[in-house]
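# Notes for the structure review
Chain residues, written in single-letter form:
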Amino acid sequence: MELDELKNSWNVLNKSLDDSEVVNLRVVKEMISQKTKTAFDHLFNQNLHSFAVTFVIIAGLFPWICMHTPISATSFVIVEVAMVIGLIPQIWKLTLLSKFDLDGKKCNELSRLVLRYKQIRHSESVWGIALVALTFVAFYISELCFNEAVTYVFGPKILLVSGMTLLTLALAYVIGLWQHRRHAQQMLEIESGLQELREFEN
């Protein structure tokens, strides 16, 4: 009788340990999933914010500046077209990120989406620099050579314009560097999270 009771107690203990292990694994998986999803949400919001700021500049800020300054129509079109082109990869990235479903997709599918996103971002950074450089060159050629409404001379006015340009570039560089580091941290968290979650699928 005592032996049967001991066996029953042992079986109950084993079942309790098994249930506890399953619960612990579930808790660990949920923690990893939540951490990965939080990093992804930050990444998506960062891209959405970048898109919104660019759109506001295109639709409101730069047109308002042009209405209150003697910038030529040609220069206005050059900058607007460049910024619209810059929106294309942002829309592409947001479309790709909208497919990131941590609950509905396998980790391999999500990893492919992340890889594709990284490829788009790398391409954007390469030709984006070239686009910005060409835009500045075309803008200054248009203003200095063809804008008859303003006579630019190599004096305080041209120094002011050049100074504002350099200040804008410096500010853009600092903000871009900060966003790049933040983005890299978010991507690392997402990729490591997917790697850990993949082990639960095996």
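Parameters at a glance
Residues numbered from 1 in each chain as written. Predicted model: local features only at pLDDT ≥ 70, side-chain atom pairs only at ≥ 80, totals over all residues. Heavy atoms only, no water. Salt bridge = Lys/Arg side-chain N within 4 Å of Asp/Glu carboxyl O. Helix = DSSP H or I, 4+ residues; strand = E, 2+ residues; numbered from the N terminus. Buried < 20%, exposed > 50% of the residue type's maximum accessible area, 1.4 Å probe, protein only. Core = buried A, V, L, I, M, F, W, Y, C linked by side-chain atoms within 4.5 Å. Contact = heavy atoms within 4.5 Å. Phe/Tyr/Trp six-rings, centres within 6.5 Å; stacked < 30°, edge-to-face > 60°. Expected span 1.5 Å × (residues − 1). Bend = angle between axes of the 7 residues up to and from the residue.

Before going further, it helps to examine the pattern of salt bridges. Per the stated rule, a full pass over the model turns up three salt bridges. The closest approach of N and O atoms between E124 and K93, which form a salt bridge, is 2.8 Å. Placement of the pair is E124 in helix α3 (residues 107–146) and K93 in helix α2 (residues 73–97), with a sequence separation of 31 residues. Taking the shortest distance from any N to any O, the salt bridge between E191 and K118 comes out at 3.0 Å. On the criterion of sequence distance, the pair formed by E191 in helix α4 (residues 156–201) and K118 in helix α3 is long-range, its members being 73 residues apart. E191 gets classed as partly exposed once you look at its relative accessible area, which sits at 33%. Here K118 falls in the partly exposed class, since its relative accessible area comes to 38%.

The biggest cluster of nonpolar side chains holds 18 residues, and the ones touching the most others in it are F100, I190 and L194. Among the elements that make up this core, the one with the highest residue count is α3 (six residues). Ignoring sequence-local partners within four residues, the contact set of I190 consists of T36, A39, F40, L43, F100 and V114. In terms of nonpolar packing, the next biggest core, distinct from the first, is built from eight residues, C66, M83, L87 and Y140 among them.

With that out of the way, let us pick up the packing of aromatic side chains. A full pass over the atoms with the stated rule returns six aromatic pairs. Seen from their ring centres, F40 and F100 are 4.3 Å apart, and the 15 degrees between their planes marks the pair as stacked. With a gap of 60 residues between them, F40 in helix α1 (residues 2–67) and F100 in the loop between α2 and α3 connect regions that are remote in the sequence. Accessibility expressed as a relative area gives 8% for F40, which makes it buried. Relative accessible area serves as the criterion here: at 11%, F100 is assigned to the buried category. With centroids separated by 5.6 Å and ring planes inclined at 85 degrees, the aromatic side chains of F139 and Y140 adopt a geometry described as edge-to-face. Residue classification places F139 among the buried positions, given a relative accessible area of 16%. Grouped by ring-pair contacts, the aromatic residues F40, F44 and F100 constitute a single cluster.

Here we come to the environment of K106. By the element assignment, K106 lies in the loop between α2 and α3. The sequence separation of K106 and L194 amounts to 88 residues, and the corresponding C-alpha distance is 9.4 Å.

Our focus in this paragraph is α3. The periodicity of an α-helix, 3.6 residues per turn, causes residues three or four positions apart to be oriented the same way. Helix length check: α3, at 40 residues, gives a terminal C-alpha distance of 56 Å against a target of 58 Å (1.5 Å per residue), a fit within 8%. W127 marks the point of greatest bend in α3, at about 25 degrees. Where α3 is concerned, the buried positions are C107, L110, L113, V114, Y117, I120, E124, T135, F139, Y140, S142 and E143.

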